[in-house]
Amino acid sequence: MLTATARCQTPHADKYIQQLCKHFGHKIDASYADGHGECRFSCGTAKMDAGAENLAIEVEAADAEGLKDTKHVIESHLIRFAFRENLQPLAWQG
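We now turn to the structure provided with this report. None of the values given here were measured: they were computed from a predicted structure.

On to the overall build of the protein, then. Across its full length, the protein holds 2 helices and 5 strands. Along the protein, from the amino end to the carboxyl end, the secondary structure elements read β-α-β-β-β-β-α. Dimensions of the protein, computed from C-alpha atoms along their principal axes, come out at roughly 30 × 25 × 20 Å. Counting across all 94 residues of the protein, residues that qualify as buried make up 39%. The long-range share in the protein, meaning contacts at least 24 apart out of those at least 6 apart in sequence, stands at 54%. With the model as given, the accessible surface of the protein reaches about 5,500 Å², and the carbon-plus-sulfur share is 50%. Of the charged side chains in the protein, 10 are positive and 13 negative; the average position of the first set lies 7 Å away from that of the second.

Next comes the structure, spelled out in structure tokens:
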């Protein structure tokens, strides 16, 4: 499995995780509990954890294309949901 991680500075991390899981939960297997969320797409899995001032994201996929797609879908939706904060593209590691 290939993995990549990113961190996003925001005081609203828990809210965004809930929003992402609820949004995707209509179409895929997604879960949220106590500041942790997981979204299991056909291309890969995204795990998210809320801190007091940041959102940590780890994505994993079987291949490079799946990893790219999973990063894109999580990042694009996060930026859209956090429009009031004017978030910039994430700096992915890995």
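What follows is about helix H2 (residues 64–81). Given a rise of 1.5 Å per residue, 18 residues ought to cover 26 Å, and the 26 Å separating the end C-alpha atoms of H2 matches this to within 8%. For H2, the set of buried residues is Gly66, Leu67, Thr70, Lys71, Val73, Ile74, Glu75, His77, Leu78 and Phe81.

What follows covers the environment of isoleucine 57. Mapped onto the elements of the fold, isoleucine 57 is located in strand S5 (residues 54–61). For isoleucine 57, a relative accessible area of 2% translates into the label buried. In this structure the C-alpha to C-alpha distance between isoleucine 57 and asparagine 86, which are 29 residues apart in sequence, comes to 18 Å. Not counting residues within four places of it along the chain, the set of residues in contact with isoleucine 57 comprises Ala4, Thr5, Ala6, Lys47, Met48, Ile74, Leu78, Leu90 and Trp92.

Let us look at the packing of aromatic side chains. As enumerated under the stated definition, the model contains 1 aromatic pair in all. Look at phenylalanine 24 and phenylalanine 41: their rings are 4.9 Å apart centre to centre, the planes differ by 85 degrees, and that puts the pair in the edge-to-face class. In this pair, phenylalanine 24 is assigned in helix H1 (residues 13–24) and phenylalanine 41 in the loop between strand S3 (36–40) and strand S4 (45–50), connecting sequence segments 17 residues apart.

Reading the values: rules and limits
- Residues numbered from 1 in each chain as written.
- Predicted model: local features only at pLDDT ≥ 70, side-chain atom pairs only at ≥ 80, totals over all residues.
- Heavy atoms only, no water.
- Helix = DSSP H or I, 4+ residues; strand = E, 2+ residues; numbered from the N terminus.
- Buried < 20%, exposed > 50% of the residue type's maximum accessible area, 1.4 Å probe, protein only.
- Contact = heavy atoms within 4.5 Å.
- Areas by Shrake-Rupley, 256 points an atom, 1.4 Å probe, with all protein chains shown as cover.
- Lys, Arg positive; Asp, Glu negative; His and termini not counted.
- Charge placed at Lys NZ, Arg CZ, Asp CG, Glu CD.
- Expected span 1.5 Å × (residues − 1).
- Phe/Tyr/Trp six-rings, centres within 6.5 Å; stacked < 30°, edge-to-face > 60°.

Honestly, that's just the spatial picture; any functional story needs more than this.
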